[in-house]
Amino acid sequence: MPTPVVTVRALTKRYGRTVAVADVSLDVNEGEIFGLIGPNGAGKTTTMECIQGSRRADGGTISVLGLDPRRDATALRRRIGVQHQEAQLQKRIKVWEALDLWASMYDRERVVNGDVLLERLGLAGKRDAWFMNLSGGQKQRLFIALALIHQPELVFLDELTTGLDPQARRAIWELIRDIRQRGSTVFLTTHLMEEAERLCDRVAIIEHGRVIEMGTPRELVTRHCAERRVIYTTDEEGGERLHELRGEGDDFVTDVIHRIASDGARVRGFRTEMPTLEEVFLKLTGRAIRD
């Protein structure tokens, strides 16, 4: 039976008359990568900030590692790591100085070797660089290093690859998988469906401050967009002909292959396409994820 390290029930947060988070309930299990996904402005960051204790909720209950994030804030900070979406440091602080500063806030026995962490994040060559001279991607990776310096049990990552190029994004994905393999639980927010699909064990889709669906990426696709596509080309008189077939069920692709074989067609190209989380979101909300 999974062990929840985060339990949220009926979380609500308002800003004046605007309801940013409305009756959100979710669990994050020990050792998983859990994603809170949705478009910008859906309530992802506010929800995460309430859970980690940096923002006060207006209603509901929250338990993180068995602690109340507001009442037990000091004890909780020692056990979690937090990477903020729009964090900043002093312009002229050096990378190694930032790591030393963060490390000084935690028990020495839990702090990892900063140089090893920089190497893992591809920042070894920037150890003596000022923060203001780092690129956007390098700053993102530094903030992740600061969140990991004390080997937290639970890591919060907010839109961690926004604005990064594809190569940097994939490098950080590998790092997140490594964090999980080393024993930490990861709670992340993202509006990038590919990121959620590749990284997360389970996701919750949030829209207008409400969780509208939850499950593994595969479960959500199967539940809402079960139709598969098979696309293939065959040799015909006068050139190649493109075929596209749609269907559902585990045997659909096998049935198509048998049909092609029985027809004696000469196949030049063949591929299958599964629906994506992006298509699930579009079906559930009627709008694209990046609107």
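That block above? That's the structure.
Fair warning: this is a prediction, and the values are worked out from it, not measured in the lab. (Residues numbered from 1 in each chain as written. Predicted model: local features only at pLDDT ≥ 70, side-chain atom pairs only at ≥ 80, totals over all residues. Heavy atoms only, no water.)

> Mind laying out helix α1 (residues 44-52), listing which residues take part and the relevant values?
Burial runs high along α1: 8 of the 9 residues are buried. Every buried residue of α1 is listed here: K44, T46, T47, M48, E49, C50, I51 and Q52. Two residues or fewer past α1, G53 is found with a positive phi of approximately 95°. (Buried < 20%, exposed > 50% of the residue type's maximum accessible area, 1.4 Å probe, protein only. Helix = DSSP H or I, 4+ residues; strand = E, 2+ residues; numbered from the N terminus.)

> Kindly report on the packing of helix α8 (residues 217-224) against helix α10 (residues 277-285), identifying the contributing residues and their values.
The interhelical angle for the contact between α8 and α10, taken along N-to-C directions, is 50°, at an axis separation of 9 Å. Here α8 is positioned oblique relative to α10, judged by the angle of their axes. In this structure, α8 crosses over α10, and the sense of that crossing is left-handed. Of the residues in α10, those in contact with P217, L220, V221 and H224 of α8 are L277, V280, K283 and L284. (Axes fitted to C-alpha atoms, helices over the stretch in contact; angles between N-to-C directions. Parallel < 35°, antiparallel > 145°, perpendicular 65-115°, else oblique. Left-handed = near helix turned anticlockwise from the far one by under 90°. Contact = heavy atoms within 4.5 Å.)

> So what's going on with the sheet that holds strand β8 (residues 202-207)? Which residues, and what values?
Reading across the sheet, the 6 strands line up as β5-β6-β7-β3-β8-β9 and stay open at both edges, with mixed pairing between neighbours. Edge positions in the sheet fall to β5 (80-83) and β9 (210-215), since each of these pairs with one other strand and no more. In this sheet, neighbouring strand axes are inclined to one another by 15° on average, regardless of whether the strands run parallel or antiparallel. Of the pairings in the sheet, the one linking strand β6 (residues 154-158) to strand β7 (residues 185-190) comprises 5 bridges and is parallel in character. Its bridge partner lying in β7, F156 is registered against F187. Packing against the sheet, helix α5 (residues 136-148) makes contact with β5 and β6, and its axis sits at approximately 165° to β5. Packing against the sheet, α8 makes contact with β8 and β9, and its axis sits at approximately 100° to β9. (Pairing = 2+ DSSP bridges.)

> Give a detailed account of the packing of aromatic side chains, specifying residues and quantitative values.
Counting across every chain of the model gives 4 aromatic pairs. Judged by centre distance (5.5 Å) and plane angle (50°), the rings of F34 and F187 are tilted. With a gap of 153 residues between them, F34 in strand β3 (residues 33-37) and F187 in strand β7 connect regions that are remote in the sequence. Members of the aromatic cluster, each reached through a chain of ring pairs, are F34, F156 and F187. The ring centre of W130 lies 4.6 Å from the NZ or CZ of R92, which sits over that ring. Taking the ring centre of F131 as reference, the NZ or CZ of K139 above it sits at 4.8 Å. (Phe/Tyr/Trp six-rings, centres within 6.5 Å; stacked < 30°, edge-to-face > 60°. Lys NZ or Arg CZ within 6 Å of the ring centre and 35° of its normal.)

Spatial relationships are all this shows, so hold off on functional conclusions.
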